[in-house]
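# Chain and residue survey
Take a look at the letters that make up each chain.
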Amino acid sequence: DTGVSQNPRHKITKRGQNVTFRCDPISEHNRLYWYRQTLGQGPEFLTYFQNEAQLEKSRLLSDRFSAERPKGSFSTLEIQRTEQGDSAMYLCASSLLPLTLDRHNTGELFFGEGSRLTVL
Amino acid sequence: AQSVTQLGSHVSVSEGALVLLRCNYSSSVPPYLFWYVQYPNQGLQLLLKYTTGATLVKGINGFEAEFKKSETSFHLTKPSAHMSDAAEYFCAVSRGNTDKLIFGTGTRLQVFP
């Protein structure tokens with residue numbers, strides 16, 4: 001178990017270009033989350049998957065953003081036609097939804113180290 | 001809807017002093033409450049969590065937090081600060097098992113020798 005892995009760790013791009021980030025969750029974790037964190041702010045929820053199904057999308061996720069988890073394992077977050085306002089740290093987390101839903105089994109979220117995007 | 005308010009974006013203490021980081025939450029359902037720590041250029045690490053039962057929760061590195069429903073608070077404390085505690089601390093709330101976390105804006109803790 002190597003933890004949640006995110007690539008690339010840093011990406012510098014010019015405005016208008018497309019970028020893609022990849023997240024490899026902890027193996028066997030069935031839930032995967034994407035967050036965005038800007039300087040001086042807490043992480044903001046973007047979207048999450050259970051297996052390959054995208055269960056919820058934040059209103060922060062504009063039409064230029066798309067996330068996939070095609071085989072229920074790794075996930076990609078693509079940003080099209082990047083804008084300077086997209087500059088942020090993009091965090092991925094994963095968790096294991098327990099078979100029995102009870103308050104004693106919270107299924108902790110484990111976070112990766114993030115992918116930092118700078119749009120020039 | 002759920003939300004978290006962290007009072008004080010920066011807290012400074014001397015090494016050995018009490019650490020108190022404040023967190024108030026809003027939730028329409030019984031909340032799950034969390035404290036995460038983030039060191040520079042690293043991911044978020046769970047310090048402690050409250051789900052049910054005992055309202056005083058102990059976490060890693062000597063931190064603890066107390067859930068006070070009447071005050072809608074979940075303040076984080078540590079009796080004696082250490083230089084290695086300097087980091088950004090985030091309070092978060094969720095509705096349930098593996099549900100999305102809603103984070104506060106964070107509190108940066110500085111520890112002076």
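Residues numbered from 1 in each chain as written. Chains lettered and ligands numbered in written order. Predicted model: local features only at pLDDT ≥ 70, side-chain atom pairs only at ≥ 80, totals over all residues. Heavy atoms only, no water.

### Concerning the overall build of chain A
Here is the rule: Secondary structure is summarised from DSSP: a helix means a run of H or I of at least four residues, a strand means a run of E of at least two, and numbering begins at the N terminus for each. Here the globule rule is a power law, 2.2 Å times the number of residues to the power 0.38, and the radius of gyration is based on C-alpha atoms. Per-residue accessibility, obtained with a 1.4 Å probe over protein chains only, is compared with the maximum for each type, and a residue is labelled buried under 20%, exposed over 50%, and partly exposed between these values. Residue contacts are defined here by distance: any two heavy atoms, one from each residue, within 4.5 Å place the two residues in contact. Here the Shrake-Rupley method, with its probe set to 1.4 Å, supplies the accessible areas, and only the displayed protein chains count as covering residues. The positive count covers Lys and Arg only, the negative count covers Asp and Glu only, and His and the chain ends enter neither. Positions of charges follow a simple convention, taking NZ of Lys, CZ of Arg, CG of Asp or CD of Glu.
Helix and strand content of chain A: zero helices and eleven strands. Traced from its N-terminal end to its C-terminal end, chain A shows the element sequence β-β-β-β-β-β-β-β-β-β-β. Here the C-alpha radius of gyration of chain A, 14 Å, is about what a compact globule of 120 residues would show, namely 14 Å. Buried positions account for 47% of the 120 residues belonging to chain A. Across chain A, the fraction of contacts at a sequence separation of at least 24, relative to all contacts at a separation of at least 6, is 56%. Working note: accessible area of chain A is about 6,400 Å², and carbon and sulfur atoms make up 46% of it. Charge-centre separation for chain A: the mean point of 15 positive side chains lies 7 Å from the mean point of 14 negative side chains.

### As for the nonpolar core
Here is the rule: Here, nonpolar core means buried Ala, Val, Leu, Ile, Met, Phe, Trp, Tyr and Cys residues that are tied together by side-chain atoms lying within 4.5 Å of each other.
Core analysis: the largest hydrophobic core is formed by 27 residues, its most contacted members being Trp35(B), Leu47(B), Leu48(B), Phe74(B), Leu76(B) and Tyr89(B). Of all elements in the fold, only strand 2 (10-14), strand 3 (19-21), strand 5 (32-38), strand 6 (44-50), strand 8 (64-68), strand 9 (73-78), strand 10 (87-94) and strand 12 (107-112) of chain B reach the threshold of two or more residues within this core. Residue contributions to this core peak at four residues, all from strand 10 of chain B. Setting aside residues no more than four positions away along its own chain, Leu48(B) makes contact with Leu33(B), Phe34(B), Trp35(B), Val57(B), Lys58(B), Gly59(B), Phe63(B), Glu64(B), Ala65(B), Phe74(B) and Leu76(B). With 19 residues, the next largest nonpolar core counts Ile26(A), Leu61(A), Ala67(A) and Ile79(A) among its residues.

### Some remarks on the side chain of Ser94(B)
Secondary-structure assignment places Ser94(B) in strand 10. Beyond its immediate chain neighbours, meaning those up to four positions away, Ser94(B) contacts Gln2(B), Pro31(B), Tyr32(B), Phe34(B), Asp99(B), Lys100(B) and Leu101(B).

### Observations concerning the pairing of strand 7 (residues 65-68) of chain A
Residue and element names in this part refer to chain A. We count it as follows: Pairing between strands requires that DSSP locate at least two bridges from one strand to the other.
Side chains Phe65 and Ala67 project from strand 7 onto a buried face, and the interleaved Ser66 and Glu68 project onto a face without burial. Two strands pair when backbone bridges link them, and strand 7 and strand 8 (residues 75-79) are joined in this way by four bridges, in the antiparallel orientation. Its bridge partner being in strand 8, serine 66 is matched across the sheet by glutamate 78. What sits between strand 7 and strand 8 in their antiparallel hairpin is a turn of six residues, with glycine 72 showing a positive phi close to 75 degrees.

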